[in-house]
Amino acid sequence: MKQILVGVLLMMTTFTGWTQDAAAPPHLNTPADSAATVSPFPRFFWEALPGTLDYQSPISYDIELARDTDFGDVADRDRVNLARYVVDRPLEPGDYFWRVRAVSPDGKPQAWSEARALKITPCDETIRVDLKGSGEALPALRAALARASELSRSGRSVRVEVPKGNYSLTPDTPQEKECFLLRDVSNIIVDFGGSYFGVKRWGAAFTRSYKCRDIAYMNAMVDWDEEIPFTEGIVTAKDPETEKITIRIEPGFPEFDAPHFVRGDGFGLVLHPTIPGRMKAGTPIHFGFDKKATVKKGDRLWELQMHGKDKTQYFDIGDRFVKFARSDGGQSLCDSHECERVSYYGITSYTTGGGGHYAAFYDTEMAILHCRELIKEGRWYGGNADGIHAKGHRVGPWVEDLVVDGVGDDSIAFYTRPSKIHAAHVDGNPRVFLFYEDSFNLEAGDEVVFFNPREGIFFAEATVRESTPEGEYHRVTFDRDLPMPEEIGPDLQKTDQVWNRSKTCGDFMIRDCRLTNVRRFGAVFRALRGVLENNYMEATSSSGILSLNEPWYPNGPMSSEILIQNNTFKNNCLDQSLPFGSIAFFLRKYPHDQAVGRGTYNILIRNNTIIDWQKHAIQISGAENVTVENNKILSEKEPFIHDGNVAIRVHNSKGITFKGNTLRDNRMIYEPSSITETENFTADF
């Protein structure tokens, strides 16, 4: 089959740089002039001018939001590299005006756009929950949200207010999946008033939203403080011959025969001896155990049988150990499905209901603002799984000032899943395909790419013209003739795949976040357009920032038009399993090998500081058109823990430019660079 590089195909439709014509003000898209909303976190969109997210010299935009037409009383202003914006702190009801101007790559502001009016209106109804500051709060809060949902369905907007207090939330049965549920409603603001909520049941989400629009959850502290979804202990013995370790569980933590651990047994980690949340350097990213062979040996003393061979070598007597209750029913802190404009503001969580923190599936325009995922005093760990897990969003999340410390999976993960081909060239038409229902997500207007996971090759692209159900399948007509795939069928991993690039959580923003002591990645994504800026990432067990297709799940496909700027990385890639590099772009074929083809394209990495890098400071593989400029790669005190450390690693790529970077590392035994199978590589080092 003829290989077609997606980067080459799609570059024809991407921006090519700043021109004089682009100096005209951008057209404002939404909100419309004189629009009204109850949301305190309005979203703004405008025309993306040529040069937006250009990989060599991108333009930026200034946005101003004022209370007067002269813009003398400014409520908010910011500079962004995306053609969208989310207000990160709640706006009071009132009249506002907004405008946008472009800023050239050399920092010169251009003319302002016309101004538009926007009204933030008070909610039609306010429900004040009848709570007295302490005690069980679940019945009263559920009743308030049920009333809010009833009013919403009648066309009213609703604000739910909770008096500040210290409350318990106790679901009636272990089978309940959430404390609070909103379904098919809109224009509801839930202000928890800064209250603390102790959830008493493992496996219950704090909030869950289905097919909702314009929902805001604000100002809460949440913990699962009885059925804690992980346990902590000290290694007291190990037996390399039998691959067994013995753990003494710390007081106050669940033992392995606790009902929720029996239901939700998961993997474990060995931790840093003194720093809570941090993995022990040089260890695998997780350890599996035989649940049936877990044996109680004494008071809070348990023997665990490890999966695999030579695993006990990573344990020392006295090591800290954590094991999760996360599978088979554990839920996220906040969960949403097919929602529009859900906002989370000022939420602090100390763990989760057995899953991640914020999980969102096929949403759009989600915002996570000034939230905290922390390790509670007296514990060594925080949440069980991802800090943010977003799948298939048409417009990706806006994440600002998120603090993550000590979670059991990626801090932030954005991706989509492919559609599976049942039949190609239906009725002899090379534009018509049938797809299985499972994981199908194609709609008219969506841009897709075809991927051969066995070789790691993107071999075609197209736009969906029509998508209709046909029996148990979906019939899709594309805008052009397409080659016959080599392998089709229900196997999601090995057969040729169709990836929807319009639902990759693109146009995302990750800014001003602090992501530390995380198992796996700080931020992993595979998206069309995004910005990561001004973040601090320390001791992520693997990469701080990574774009990686994962064909074994499969997650993907690849990234393009990404700006990574002004971030600080420190001592990343501590684990033995996935040491890609502090910043890495990587394309793989099934199951784990480097891809034959290339995918990622149009990437700018600038003005970042990388300290005490492990394995690689920057790794680029299977990419085209990447500029790496004015970054500082330094060392302070952390020694290398891996063999084969190479500061700059480039493989199977094209059009890669390094300029103005500083490499100053006093550690011994590393290579400055390794460039292999790469075309059009230029560097000034």
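Note that the structure is predicted; figures quoted are calculated from it, not measured.

Asker: Residues and numbers for the overall build of the protein chain, please.
Answerer: The secondary structure content of the protein chain amounts to three helices and 57 strands. In summary, the protein chain has a C-alpha radius of gyration of 25 Å against a globular reference of 26 Å for 685 residues, a match within 12%. Structurally, the protein chain occupies a C-alpha span of about 75 × 65 × 60 Å along its principal axes. Counting across all 685 residues of the protein chain, residues that qualify as buried make up 62%. Nonlocal contacts in the protein chain, meaning residues at least 24 apart in sequence, comprise 75% of its contacts between residues at least 6 apart.

Asker: With reference to specific residues and values, describe the sheet that holds strand β24 (residues 334-337).
Answerer: The strand order β14-β16-β24-β26-β29-β32-β41-β44-β47-β50-β53-β56 describes an open sheet built from twelve strands, whose pairing is parallel. One side of each edge strand has no neighbouring strand; the edge strands of this open sheet are β14 (178-183) and β56 (671-676). Across the sheet, the axes of successive neighbouring strands diverge by a mean angle of 10 degrees, strand direction being ignored. Across five bridges, the pairing between strand β53 (residues 646-651) and β56 is parallel. When the sheet's bridge partners are listed, V650 is paired in β56 with I675.

Asker: Describe empty space enclosed by the protein, listing the residues and the values that go with them.
Answerer: Inspection of every chain in the model, using the stated rule, returns two cavities of 30 Å³ or more. Empty space within the largest cavity amounts to approximately 40 Å³. Lining the largest cavity are F451, F458, Q497, W499, N549, E550, P551, P554, N555, G556 and P557. Considered as a void within the structure, the second largest cavity measures approximately 30 Å³ in volume. Elements supplying a minimum of two residues to the lining of the second largest cavity: β15 (186-199), β17 (213-224) and β25 (340-349). If one sorts the elements of the lining of the second largest cavity by residue count, β17 sits on top with three residues. Residue composition of the lining of the second largest cavity, grouped by class: five nonpolar, two polar and three charged.

Asker: Hey, could you go over the environment of D54 for me, with residue numbers and the actual values?
Answerer: Turning to its location among the elements, D54 is positioned in the loop between β3 (43-46) and β4 (60-66). As for D54 and N602, which are separated by 548 residues in sequence, their C-alpha atoms are 7.1 Å apart.

Asker: Account for the environment of A584, naming residues and giving values.
Answerer: Within the element layout of this structure, A584 appears in strand β47 (residues 583-586). Since its relative accessible area comes to 0%, A584 is described here as buried. C-alpha of A584 to C-alpha of I457: the two residues are 127 residues apart in sequence and 19 Å apart in space. If we skip the residues at most four places from it in the chain, A584 touches S543, I545, L546, S547 and Q619.

Asker: If you had to explain unusual backbone geometry to someone new, which residues and values would you point to?
Answerer: In this structure, P554 follows Y553 across a cis peptide bond, with omega equal to -5 degrees. Structurally, P554 can be placed in the loop between β44 (545-548) and β45 (560-565). Following Y590, the chain continues into P591 via a peptide bond in cis, with omega recorded as -5 degrees. Within the secondary structure, P591 is located in the loop between β47 and β48 (600-606). Of note, E365 is a non-glycine position whose phi angle comes to about 60 degrees, a positive value. Within the secondary structure, E365 sits in the loop between β26 (358-361) and β27 (367-369).

Asker: Residue-level account of the pairing of β48, with values.
Answerer: Of all seven residues making up β48, seven are buried, and the element is well covered by its neighbours. Relative to β48, β45 runs parallel, the two sharing five bridges. Bridge assignment links L563 to a residue of β48, and that residue is L604. Two elements, β48 and strand β51 (residues 623-629), share six bridges in a ladder whose sense is parallel.

Asker: Outline the packing of aromatic side chains, supporting the account with residue identities and numerical values.
Answerer: In total, this model carries 41 aromatic pairs according to the counting rule given. For the ring pair F256 and F261, a centre distance of 5.8 Å and an interplane angle of 75 degrees mean the geometry is edge-to-face. Judged by its relative accessible area of 1%, F261 falls in the buried class. For the pair F414 and F508, a centre-to-centre distance of 5.3 Å together with 65 degrees between the ring planes defines the contact as edge-to-face. Taken together, the residues span a long stretch of sequence, with F414 in strand β32 (residues 412-415) and F508 in strand β39 (residues 508-511) at a distance of 94 residues. Across the pair, F508 and F414 agree in class, each one buried. Grouped by ring-pair contacts, the aromatic residues F433, F435, F440, F450, F459 and F478 constitute a single cluster.

Asker: Which residues make up the pattern of salt bridges, and what are the values?
Answerer: In the structure shown here, the tally under the stated rule is 57 salt bridges. Measuring nitrogen to oxygen at the nearest pair gives 3.1 Å for the salt bridge that ties D73 to R67. Relative accessible area serves as the criterion here: at 37%, D73 is assigned to the partly exposed category. Relative accessible area serves as the criterion here: at 43%, R67 is assigned to the partly exposed category. Between R341 and E365 there is a salt bridge, with the nearest N and O atoms lying 4.0 Å from each other. In this pair, R341 is assigned in strand β25 and E365 in the loop between β26 and β27, connecting sequence segments 24 residues apart. Under the relative-accessibility criterion, R341 is labelled partly exposed at 21%. When salt bridges with common partners are traced through the structure, they connect D78, E400, R511 and E533 into a single cluster.

The rules we used
Note that residues are indexed from 1 along each chain, following the sequence as it is written. For this predicted model, a pLDDT threshold of at least 70 governs which residues receive local features, and a threshold of 80 or more governs which side-chain atom pairs are given and counted, while totals over whole chains, interfaces and linings are taken from all residues. Only hydrogens and water are set aside when side-chain values are computed; all heavy atoms of the structure are taken into account. By definition, any uninterrupted DSSP run of H or I lasting at least four residues is a helix, any uninterrupted run of E lasting at least two residues is a strand, and each is numbered from the N terminus. Radius of gyration: C-alpha atoms only; globule rule: 2.2 Å multiplied by the number of residues to the exponent 0.38. Here the term buried applies to any residue with accessible area under 20% of the maximum for its type, exposed to any over 50%, and partly exposed to those in between, with areas from a 1.4 Å probe on protein chains only. Pairs of residues are marked as contacts when any of their non-hydrogen atoms sit within 4.5 Å. Two strands make a pair as long as DSSP finds a minimum of two bridges between them. All axes here are fitted lines through C-alpha atoms, helices being fitted over the stretch that makes contact, and every angle between N-to-C directions spans 0 to 180 degrees. In this analysis a 1.4 Å probe is tested at points of a 1 Å grid over the protein atoms alone, and where it fits but cannot get out there is a cavity; an open set with protein on both sides within 12 Å along at least five of seven lines is a pocket; lining residues have an atom within 4 Å of a point. Grid points are joined across faces, edges and corners, and a volume is the space filled by probe spheres set on the points. Three categories are distinguished: nonpolar for Ala, Val, Leu, Ile, Met, Phe, Trp, Tyr, Cys and Pro, charged for Asp, Glu, Lys and Arg, and polar for the others, with Gly belonging to the last. Two rings from Phe, Tyr or Trp (for Trp, the six-membered ring) form a pair when their centres are within 6.5 Å of each other. A pair whose planes differ by under 30 degrees is stacked, one over 60 is edge-to-face, and the rest are tilted. By definition, a salt bridge exists where a carboxyl oxygen of Asp or Glu is found within 4 Å of a side-chain nitrogen of Lys or Arg.

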